[in-house]
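Examining the three-dimensional arrangement
This is what each chain is made of:
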Amino acid sequence: MNTPAGPAPTEVVRIRPSGGWRAVNLAEVWRYRELLFFLTLRDVKLRYKQTALGVAWAVLQPLATMTVFAVFFGKLGKLPSDGQPYALFVLAALLPWQLFAYALTQSSNSLVAEQRLITKVYFPRLIVPVASVLSGLVDFGVTLVLVLIAMALFGVVPTAAILALPVLTLFAVATALAIGLWLSALNVQYRDVRYTIPFLTQFWLFVSPVAYPASIVPEQYRTLYGLNPMAGVIEGTRWALLGTDAPDWGLMGVSAAVVAVLLAGGLYYFKRMEKTFADVV
């Protein structure tokens, strides 16, 4: 007589905090990809929940900024625009800049904002700032349509360089995530970090070539200027969309190296501090 088989034994997974400096387990992050998708979608919905204009804010914000810059820096300041209409010149720069600024702000505050979730459920904490960064891509897509419409109105035809736009967008996302990982982990320990973020973003705007071309920076300072990774992103985006002169590849190389170092360091530091998030947040 055959005895009916009992229930399969339950697998027990023990979660222990890691010690020392260890790399992020990307395979574990991939296993939680559905949670990443859910948090990203939730962030997008919450941003426009109970708003009168909804996604129209993604159009109004760059248009308002472009108008102010065109009046004060273009008309009154007479800043150069690489042979392009100044309004379009600025709008093309605002495309990656607004993605970066939004992603940086949201990712830096993401762990504190998700403290209830972090203290109750285990999952790779890296998912929280990544979801905050990815949610900014919706506004990026809306603004990109606005830029393409403006290009058509000004009679600017994109060249083959536009194929580089996805790479440059990834560059902007990586830059925001690299800085956001450092700031989000620090924000858990020191809550006054969040008060520095608006100032940091505003300061970063004016040291980035949004209202002016990077070509006005003296050549001997270009390498130093490339330490600002958004300089390479913005100049590259203008080249990709408007067909302006190719960016300074030396500047682009320095910017890429800075992002790689900041991202690698941010991932290790985030992993190092991850074990304390639930206790401190």
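Everything discussed here concerns the structure shown above.
Calculation rules
Sequence order as written defines residue numbering, which begins from 1 separately in each chain. Since the coordinates come from a predicted model, pLDDT governs what is reported: local features require at least 70, and pairs of side-chain atoms require 80 or more to be given and counted, while whole-chain, interface and lining totals use all residues. Values reported for side chains reflect all heavy atoms of the structure, with hydrogen atoms and water molecules removed beforehand. Helix axes use the C-alpha atoms of the stretch in contact, all axes being lines fitted to C-alpha atoms, and the angles between their N-to-C directions lie in the range 0 to 180 degrees. Numbering of helices and strands runs from the N terminus; a helix is a DSSP stretch of H or I covering at least four residues, while a strand is a stretch of E covering at least two. Should an angle fall under 35 degrees it is taken as roughly parallel, and over 145 as roughly antiparallel, whereas 65 to 115 is taken as roughly perpendicular and any remaining angle as oblique. When the near helix sits turned anticlockwise from the far one by under a right angle, the crossing is termed left-handed; a clockwise turn instead gives a right-handed crossing. Contact between two residues is taken to exist if any of their heavy atoms lie within 4.5 Å; hydrogens are not considered. Throughout, the ten residues Ala, Val, Leu, Ile, Met, Phe, Trp, Tyr, Cys and Pro are labelled nonpolar, Asp, Glu, Lys and Arg are labelled charged, and all others, Gly among them, are labelled polar. Grid points spaced at 1 Å and placed over the protein atoms alone form the basis of the search, with a cavity being a set where a 1.4 Å probe fits but cannot get out and a pocket an open set showing protein on both sides within 12 Å along at least five of seven lines. Lining residues have an atom within 4 Å of a point. Grid points are joined across faces, edges and corners, and a volume is the space filled by probe spheres set on the points. Within this document, salt bridges are pairs made up of a side-chain nitrogen of Lys or Arg and a carboxyl oxygen of Asp or Glu, the two lying within 4 Å of each other. Only protein chains enter the calculation, and the probe is 1.4 Å; a residue is then buried if its accessible area is under 20% of its type maximum, exposed if over 50%, and partly exposed in between.

1. Describing the packing of helix α2 (residues 33-48) against helix α6 (residues 127-134)
Contact pair α2 / α6: the axes reach a minimum separation of 8 Å and the direction vectors enclose 45°. With respect to α6, the element α2 is oriented oblique. Read as a crossing pair, α2 and α6 show a hand that is right-handed. For the pair formed by α2 and α6, the contact residues are L35, L36, L39, T40 and D43 on the first element and I127, V130, A131, S132 and L134 on the second. Here the residues of the contact of α2 with α6 sort into 7 nonpolar, 2 polar and 1 charged.

2. Re empty space enclosed by the protein
For the coordinates displayed, the defined rule picks out 2 cavities of 30 Å³ or more. Computed from the structure, the largest cavity encloses a volume of approximately 60 Å³. Forming the boundary of the largest cavity are V24, N25, E28, V29, P124, L126, F270, K271 and E274. Of all elements in the fold, only α1 (26-31) and α12 (249-274) reach the threshold of two or more residues within the lining of the largest cavity. Sorting elements by how many residues they give to the lining of the largest cavity places α12 first, with 3 residues.

3. Some remarks on the pattern of salt bridges
Enumeration according to the criterion identifies 6 salt bridges in this entry. Residues R222 and D248 are paired through a salt bridge, measuring 3.4 Å at the closest nitrogen-oxygen approach. With R222 in helix α10 (residues 222-225) and D248 in the loop between α11 (229-242) and α12, the pair connects residues that are 26 residues apart, well separated along the chain. Judged by relative accessible area, R222 falls into the buried class, the value being 18%. For D248, a relative accessible area of 34% puts it in the partly exposed group.

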